[in-house]
Structures are given as structure tokens and as C-alpha cells.
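# A structural walkthrough
Listed below are the residues making up each chain.
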Amino acid sequence: MNVDFTPADQTFRKEVKSFIAENYPQSVRGKSRNEYGGKDDFLAWHKVLHKQGWIAPSWPKQYGGTGWSATQKYIFGEECALADTPMVLPFGIAMVGPVIYTFATEEQKKEHLPKILSGERWWCQGYSEPGSGSDLASLKTSAVRDGDHYIVNGQKTWTTLAQYADWIFCLVRTDTKAKQQEGISFLLIDMKSPGVSVRPIITMDGAHEVNEVFLDNVRVPVKNLIGKENEGWTYAKFLLGHERAGIAGVARSKRGVERLKKLAAAEQDGGKPLLADPMFTRNIAELQIDLLSLEFTELRTLANESKGGHGPEASILKIKGTDIQQRLTELTLEAIAYYGNPYRPFAHDKMTNEYVPGPDYSHGASQNYFLTRRTTIYGGSSEIQRNIIAKMVLGL
Amino acid sequence: MDFSFTEEQTLLRNSVQKFVQNDYTFDNRRSIVKSDTGWSHKDWMKFAELGLLGAPFSEDQGGLGGGPIETMIIMEEFGRGIVIEPYLGTVVLAGGFLRHAGSKAQQEKFIPEIVEGKRVFAFAFAEPQGRYNLADLNVTAKKSGAGYTLNGHKAVVIGAPWADSLIVTARTAGGQRDEKGISVFVVDKKAKGVSCRDYPTVDGLRASEVTFENVSLGTDALVGQADNGLPLIERVVDEGIAALSAEAIGGMKVLNDATVEYCKTRKQFGVPIGKFQVLQHRMVDMFMNYEQSVSITYMVTLKLNESETERKKAASAAKVQIGKAGRFIGQNAVQLHGGMGMTDELNVGHYFKRLTMIDTMFGNVDHHLKRYASLD
């Protein structure tokens, strides 16, 4: 048993590090996602990675992957997090991409994969519906065959960044008589199709990231169906498995801890830094220890996966990873005391007063705390993840 | 032993409850928060009409002659509606300073104005470097001639954009963190040298960064004893903590009721999600957190006029319980509402945000754990 990196891995790490240092997109340096001005900001880092051929490390080499080992992928993810690079949006690269190269026709692969890699086609995810959240298989959006088309009707919700999306991948019901899971199909829909409309949902932090997507008699060519009709649930489960990989966010949280320590060193309490307060440092230490355990749990999962194992243990990564992310935002809010009060406006607020007082690191910190509550809800809530472990691991 | 309310107290509760239910609906609150001024002067005058602005003042002063219990009742009902108007800053805090330590002239001038809704106050005590330490003051009031000259920066002064006057804590002697040498002043916001930069807060209120540049104050601006203001400040802040605790339990109750109702109606996997035992137990924990918070709110309310040490311990104990329970209930109300709990549209997030900010106000859980331990 050892967790040392080989000399080759260490050389690779150096290469990644210097690449990031030289190519970090200046247009978004220091900006949080809240402050992005639009599509270009979201895609700035994506385009840099695409040019380098590093946009999709998890894809097979033949479709545009890097051919890296599991360790190299891990190193790459870690270096990106340490350098605080912008996140690559998951909807194309991590979600629909793998479904397409695994289950789609050659024609579909040719049509979609290059544009996912380049970032020129922006994807969003049409899974949840108002009545179908945790119980996703109960979804009602219908697709009825009409010659070479499906006529799609229904409503999707919590659709992240749909306001920018060119295409949406949807779970739709194609058989209403079959058992729930057996009547679902996986359909790709052009957002420009007549009958598609998007309505913003503002979250409690004031941000506009999620949306409702309405599908009203949308005509979708049958050639946009992925795999077989009524087998969409299999592809959806495959995708959810992908969504969980990397969700632990260990490296990003490590970086978050460093940032927290820095600001706790800057915050004064009775003439001493807050970082000298045993009560506060105890909280940080507990968080770090949880994170360290999670890091090794992730490494064990990784080692297991590289041997071909793939298990519901991934749910541990989601549960603990999101818990740590939430506690990080909570401690940050605690650290900044009264400067947690001011509201940092978003572009869509159209407020005349854009003044935000307090140190830079306090700006938007409480909004970040509020928004991060969603991490234990989306992608399978912590309750659902526990159900998975209970059933699949413990056999209860 | 008796935890029942008098007939007058029940009538008071009913009248505030009726106002919140009929006039201060969630939609009305939303439009008030989004309005240019961010508060409703009309509702403020309604408070005056209902006698709420005079609740803690004696009948001689035009008030209702109420005490801590009346304040608790009003704040709890306001908490149910997450009322944003500056009752805490004006009636509880400024009112407290004036009642406990105001000169006859100050009381005669300001109390009737408060009672009639003609003067709004904000309490300027926090400073950028001071965290929750009420004695960590860089704002100075230097003796000059017959009065004082005020200089410095007060941070996150809640309600200052709406205020006519500020209650300001300032250092009149000693070093930055000395407990002695602190004084309290009442300052007209329009006075020369006072400037405010206003902004909205995450819980729908408005606040200001207030700077004082050579503001001239007469001796009549001093509230209470010169150089010995800290005991007074601590007393009023402890009363503010009791009021905030009452506001918090009002909000917690709304969140718990909404969550139980939602879990009874939201169906997944063919059954209401409230049928799942893991969620039932969570809601039981939320309920217990609420009940414990109600208890400690009664406790602190009844101990506000006991010895200084008893009062301080009670206030810190309440602030710890309220902070922890507010966090647990707020976070789980959001979690159990799922995506809907995250939205701006539903009221749940707004109560969660207010409870979060109540934890910060006058010191968070960690701060009051330490204060309690140091007094015990």
C-alpha cells in the first residue's frame, strides 16, 4: 500500500502547473461565478483547455479524451482546483457527452461530440420536473410519435443555465402504459425549436442560475433519440453515475480551507487574529480532518475504479463532499461577522446602488452560504444517497 | 408557577397577529422590500395607531406601560411576518437607552416622538475592527468646549437609511478596548459631518456605513454617564437579544409549520414524503429545537431585570440556543422543501436568511458560549 506519486506523475504535475499558470484566462481572474458577465466568461477556461486537448480527460482517447491514467486525471483536477481555475460546466463534457459516445449512433456522435468539446454548443439538463424530483422516474413530460418526429409536451425545472443553452437533453415518457422506468426515452432537443420557452427561477441568494423550461408541442426529429426508445432510464442512470464521480470536490474544498484560514487571519477579534481563537480553529481543524478522511476515501474509490470496480460507495463522496462544502461557507460567514449582512447585487437586479461595504472576501459570502444549501438537494439529495447506501451496500 | 398571559397581553398579541396576517402578507412584504425606500412608513404609522411604538414606555410618557413580556409578544408576532420596519432599533434599543438613562429633557423630547411614529432611530455600535466586542471602539468623542467632537466609522448600522437619529457608542477616554471610557450619544442624522453610504442587506433590510467627521455634539447629546456607558450598553443589548429571540421563535414556528404541511402534501414514490421516517425524525428534531427556543425566550424575558450577572448569563444562553436552533431549523426547512426551498419565490428562504442574520446580530453562538462560560 502506498500513495506516492511516481517520478513520471510528478513531471506531469509540473507540466500541468505551468500550463495553468501561463494560460489562466485573465478575463475571469478573481471573479466568482456570480460575477460572470455572460457566456464568454463561462467558456473562457473551456476554450483554453480545448485548444490544448485537455477539455475531456475522462473521455476515451478516440473521442477526444487525453488518454491519461486515473492518477494523472486526479493530478489534473487537483492542480486546477489549487489554481482556482473556473469550473468546466458539466452538462456537455461530464453528462451528455459520455451518454453520446457510449450509446449514440455514429451520425449522432459526429454531429454532437466535436461541438461539446469545442464549447460552441451549450447543453442543459432536462431531468427534474415539478412533480418529479427525488422520484425522477415518475416524470410526465410526454413524447408522442408523429411520423419522423416526436411531439413533446411538458415542463422541466431546476434547469441550470438554460438561459444560455443551445440544446437540452431530456428524459421523456414515450410509453405511458409500461412500468415507470420502462417507458422513458432519452431525447436531444434544439432549444431554438418552436414551443421551447425558458422562465428564470431566482434563488434565495438573488442569483439567476436555474430555470423552468416549458415544452409546448415541440416537434423533435426521431433522429435525436439516443439509443433505443423506452430505454432512456438505463442511460439516465449511467449519467447519474458520472455526475457523482468528482462530486466530492476535495481539491476545491482544500483550496476553500486555505482561503478561510487567510481571511480568519485577517479578521480581528479583540486585537488578535480570529485564527488565534481556539474555538474557531477547532472548527477549522475538524473540517480539515473530515476533508482528509474524504480525500483518502476518494483515493480508495479511485483505486477501486481503476481495477474495474464501480460501486454505490460514490454516494459517500457526494454526502460528505457536500457537507464539507456547506460547512466551509458557514464558517466563512461566521468569520466575517457583521459584514455578512450586506447584499451583493447581481447584474439582473438593476440596482442603482452597487455599493458593497466590508473587505473583498466578505462580499457575497452569506449569499454563497445560502446558495450552497442546494448541494445536498441536487444530483440526488443526501437522503436519497443514504437510501442508496442502505440498499446497495448494506443490503437493507 | 404560571406561564399564562394576561387578558391585555392576549389582546395585544391578537392585534399584532391580525395586522401581520391581514396587512403584512408575504407579497406585501416583498413589495415593501423592493420599494425605493425599503420600508413602509404607512405601516409604521399603523404601529403608532395600535400603540405598539409606545409599548415599553410608561403611561405618563404616552406609552402602554408594558414590560419585557409585551416586547416579547410584539417581536414574536413580527417574527412570524418577518416584519422589516425598525421596531428593534427604535423602540427596543433607542427606547431602552432613553428609558434607562435618558435625561428628563431627552425623554420629554424623544419618547413622544417615538410613540407617535415621528422619529425613527438606529443603533450605531459595530465597527469594522470590533467584531462582537461592544467595547472595541475607534469612534471617538473628544471633549471640546462645552460638548464633544465625534469622529470615526460605524459599520453595518441596521436601519440607518430610515433613521432620523442615531444612538452612537463612542470612546471618550482610555484605550481602544478599555471597558471604561465609553459614552453613548444621540446624534441627529442631519447634523453636519454625518454621512451615510446605504445598501440593502441579505435579509431584506437596509443598512449604512456611517462616518462622522468632526461632528459637534452638545452636552445634551450625552445619554447616561460620561465614560461609563458600557454597563448601560450591555443592558440594552441584552434586552435587544431577548427581543431578537422572540422574533426568532416567531420565524421558527412559521418554518416548522410550513415544512410539516409541505411534507404532508408533497408526494414522491407514491406517498407523501412525510411518511418517510427519516424525515419524520428530522421534523421532530426541528420541533424540539423550537420548543427549547420558546422556553429560553421566556427565561431571558423574565430575567432581564435581575442582577447584572444573571441577566448577562440569561441573554448569552438565549443567544446560543436561538442561534443553534435557527440554523438547524432554517437549514432543514430548506432541505425538506427541496429545490422549492431554494427559491426566492417561496417564503422559506426568507425566514432562513433572517434567522441566519439574527445569529450574527449582537454576537453569534461562539461569542455567547464564551461569554456564558466566563460568567458561570
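Computed from a predicted structure; not experimentally measured. (Residues numbered from 1 in each chain as written. Chains lettered and ligands numbered in written order. Predicted model: local features only at pLDDT ≥ 70, side-chain atom pairs only at ≥ 80, totals over all residues.)

## A look at the overall build of chain A
Along chain A, the regular secondary structure elements total 11 helices and 10 strands. A compact globule built from 396 residues would reach a C-alpha radius of gyration of about 21 Å, and chain A, at 22 Å, matches this within 12%. Oriented by its inertia axes, the alpha-carbon framework of chain A measures out at about 75 × 55 × 50 Å. Sorting the 396 residues of chain A into buried and exposed places 41% on the buried side. When contacts within chain A are restricted to residue pairs at least 6 apart in sequence, those whose partners lie at least 24 apart make up 69%. (Helix = DSSP H or I, 4+ residues; strand = E, 2+ residues; numbered from the N terminus. Rg over C-alpha atoms; globule rule 2.2 N^0.38 Å. Buried ≥ 20, exposed ≤ 12 C-beta atoms within 10 Å, placed from the backbone. Contact = placed C-beta atoms within 7 Å.)

## Structural notes on the overall build of chain B
The helix and strand tally for chain B stands at 11 helices and 10 strands. Relative to the 2.2 N^0.38 estimate, which gives 21 Å for 376 residues, the radius of gyration of chain B is 21 Å and therefore close to what a compact globule would have. Seen along its three principal axes, the alpha-carbon backbone of chain B occupies a region of about 80 × 45 × 45 Å. Burial statistics for chain B: of 376 residues in total, 53% are counted as buried. Sequence separation of 24 or more characterises 73% of the internal contacts of chain B that already satisfy a separation of 6 or more.

## Brief notes about the pairing of strand β6 (residues 194-200) of chain B
All names here are of chain B. Pairing of β6 with strand β7 (residues 206-217) involves seven bridges; the strand directions are antiparallel. Bridging from a neighbouring strand, Y199 pairs with A207 of β7. Between β6 and β7, which pair antiparallel one after the other, the connecting turn spans five residues, and G204 there sits at a positive phi close to 90 degrees. (Pairing = 2+ DSSP bridges.)

## Brief notes about the interface of chain A and chain B
Taken residue by residue, the interface counts 35 residues in chain A and 36 residues in chain B. Looking at the side of chain A that touches chain B, the elements with two or more residues in it are β6 (196-202), β9 (268-269), α8 (278-306) and α10 (365-372) of chain A. Counting residues per element, the side of chain A that touches chain B draws most heavily on α10 of chain A, which supplies three residues. Looking at the side of chain A that touches chain B, its residues break down into 16 nonpolar, 13 polar and six charged. (Nonpolar A, V, L, I, M, F, W, Y, C, P; charged D, E, K, R; others polar.)

## Overview of the packing of helix α7 (residues 230-265) of chain B against helix α9 (residues 308-337) of chain B
Residues and elements named next belong to chain B. Contact geometry for α7 and α9: axes closest at 9 Å, N-to-C directions at 25 degrees. Taken together, the axes of α7 and α9 lie roughly parallel to each other. The handedness of the crossing between α7 and α9 comes out as left-handed. Of the residues contributing to the contact of α7 with α9, the split by class is 15 nonpolar, six polar and five charged. (Axes fitted to C-alpha atoms, helices over the stretch in contact; angles between N-to-C directions. Parallel < 35°, antiparallel > 145°, perpendicular 65-115°, else oblique. Left-handed = near helix turned anticlockwise from the far one by under 90°.)

## Details of the nonpolar core
Inside soluble globular proteins, nonpolar side chains tend to come together where they are buried. Counting 147 residues, the largest nonpolar core has F97, A124, L150, L166, I167 and F185 of chain B as the members making the most contacts within it. With 15 residues, the top contributor of residues to this core is α7 of chain B. Sequence-distant contacts of F185 of chain B, that is, excluding residues within four places in its chain, are made with A141, L150, V168, A170, L217, A221, L222 and V223 of chain B. By size, the runner-up hydrophobic cluster in this structure holds 54 residues, among which are F42, I100, A165 and I189 of chain A. (Core = buried A, V, L, I, M, F, W, Y, C linked by C-beta atoms within 7 Å.)

## Considering the packing of helix α5 (residues 87-101) of chain B against helix α6 (residues 104-115) of chain B
Residues and elements named next belong to chain B. Packing of α5 against α6 brings their axes to within 10 Å, and their N-to-C directions diverge by 165 degrees. If you check the angle between α5 and α6, you find them roughly antiparallel. When you trace α5 past α6, the crossing you get is left-handed. Contacts between α5 and α6 involve T90, V91, G95 and L98 from the first element and Q106, Q107, F110, I111 and I114 from the second. Class assignment for the residues of the contact of α5 with α6 results in five nonpolar, four polar and no charged.

## Thoughts on the confidence of the model for chain B
Here chain B averages 97 in pLDDT, while 100% of its residues score no lower than 70. Quick note on the complex model: pTM equals 0.96, ipTM equals 0.97. (pLDDT = per-residue confidence, 0-100.)

## Points about helix α4 (residues 68-80) of chain B
Residues and elements named next belong to chain B. Spanning 13 residues, α4 covers 18 Å between terminal C-alpha atoms, matching the ideal 18 Å at 1.5 Å per step. Here α4 lies mainly inside the structure; 11 of its 13 residues are buried. If you check which residues of α4 are buried, you get E70, T71, M72, I73, I74, M75, E76, E77, F78, G79 and R80. Tucked inside the fold, the buried residues of α4 contact α1 (7-22), α5, α7 and α8 (277-303). Count one or two residues on from α4 and you reach I82, which has phi positive near 35 degrees. (Expected span 1.5 Å × (residues − 1).)

## Remarks on α8 of chain B
Quick reminder: α-helices carry 3.6 residues per turn. Residues three or four places apart thus point the same way. All names here are of chain B. Between the first and last C-alpha of α8 there are 39 Å, a value that for 27 residues agrees with the 39 Å anticipated at 1.5 Å per step. Within the span of α8, buried status applies to M286, N289, Y290, S293, I296, T297, V300, T301 and K303. Close packing links the buried residues of α8 with α4, α7 and α9.

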